[in-house]
Amino acid sequence: MIVRHLHEIKGSEREVETDQFISRRFILKSDGMGFSFHETIIKAGTDMFIWYANHFESVYCIEGKGEIEVVGGETYPIEPGMLYGLDGHEKHYLRAEQDLRLMCVFNPPLTGREVHDEHGTYPIL
């Protein structure tokens, strides 16, 4: 059984921070669960292009306000209680009007050291 608390992850190697987001990685590939689970804070004012060409992602909003725009498709408001699943490797823009607190699941699981490349994609490590 795996038990982790947020206070243990903050400031550890499982927390990654950039100018646009903070990602706290609760479950990673090394945990052997077949998925990874993250709390991600998208900072207010962020407008980032993302394309998970190698991963499926589901995202549940806990707090904040923003939107996801699918390239060539619709734009959906993000607010508490909203879930979206990127089941087709959709290229998208993620925008945060307020800090967004999101709970995210990735498959295949992330190792915890991935960085978005120039295409907004995480490589398979």
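Data block above holds the structure.
Values in this document were obtained by computation on a predicted structure and should not be read as measured data. (Residues numbered from 1 in each chain as written. Predicted model: local features only at pLDDT ≥ 70, side-chain atom pairs only at ≥ 80, totals over all residues. Heavy atoms only, no water.)

Draft legend 1. Seen up close, the nonpolar core. By size, the foremost hydrophobic cluster in this structure holds 19 residues, and its most contacted members are Ile42, Ile68, Ile78, Tyr84, Leu94, Leu100 and Leu102. For this core, the secondary-structure elements that each account for two or more residues are β4 (47-51), β5 (56-63), β8 (83-86), β9 (91-96) and β10 (100-107). A per-element tally of this core places β10 first, with 4 residues. (Core = buried A, V, L, I, M, F, W, Y, C linked by side-chain atoms within 4.5 Å. Buried < 20%, exposed > 50% of the residue type's maximum accessible area, 1.4 Å probe, protein only. Helix = DSSP H or I, 4+ residues; strand = E, 2+ residues; numbered from the N terminus.)

Draft legend 2. Just the sheet that holds strand β7 (residues 75-78), in detail. Spatially, β4-β9-β6-β7 is the arrangement adopted by the 4 strands of the open sheet, whose pairing is antiparallel. The open sheet has two edge strands with one neighbour each: β4 and β7. Neighbour to neighbour, the strand axes of the sheet diverge by 20° on average, direction disregarded. Bridge analysis of β4 against β9 gives 5 bridges, and the strand direction is antiparallel. Counted as the bridge partner of Trp51 is Lys91 from β9. (Pairing = 2+ DSSP bridges. Axes fitted to C-alpha atoms, helices over the stretch in contact; angles between N-to-C directions.)

Draft legend 3. Fine view of the pattern of salt bridges. With the rule as written, the count across this model stands at 10 salt bridges. Among the ionic pairs, Lys43 bridges to Glu17, the shortest N-O distance being 2.9 Å. In this pair, Lys43 is assigned in the loop between β3 (36-42) and β4 and Glu17 in strand β1 (residues 15-17), connecting sequence segments 26 residues apart. Judged by relative accessible area, Glu17 falls into the exposed class, the value being 53%. Between Lys65 and Glu97 there is a salt bridge whose closest N-O contact spans 3.9 Å. In this pair, Lys65 sits in the loop between β5 and β6 (66-70) while Glu97 sits in the loop between β9 and β10, placing the two residues 32 residues apart along the sequence. In the salt-bridge network here, residues are joined through shared partners; they are Glu15, Arg24, Glu39 and Arg101. (Salt bridge = Lys/Arg side-chain N within 4 Å of Asp/Glu carboxyl O.)

Draft legend 4. View of the sheet that holds β3. Ordered in space as β1-β2-β3-β10-β5-β8, the 6 strands form an open sheet in which the pairing is antiparallel. Because the sheet does not close on itself, it has two edges, and the strands there are β1 and β8. Between one strand axis and the next, the sheet turns through 20° on average, direction left out of account. Across 4 bridges, β5 lies against β8 in antiparallel orientation.

Draft legend 5. Spatial organisation of the packing of aromatic side chains. Counted by the stated rule, this structure contains 3 aromatic pairs. Their ring planes at 65° and their centres at 6.2 Å tell us that Phe26 and Phe37 sit as a pair that is edge-to-face. With Phe26 in strand β2 (residues 21-27) and Phe37 in strand β3, this pair connects stretches of sequence that are 11 residues apart. Judged by its relative accessible area of 28%, Phe37 is partly exposed. Between the aromatic rings of Tyr52 and Phe106, the centroid separation amounts to 5.1 Å while the plane-to-plane angle is 90°, which identifies the pairing as edge-to-face. Highlighted residues: Tyr52 in the loop between β4 and β5 and Phe106 in strand β10, separated in sequence by 54 residues. Just as Tyr52 is buried, Phe106 falls in that class too. (Phe/Tyr/Trp six-rings, centres within 6.5 Å; stacked < 30°, edge-to-face > 60°.)

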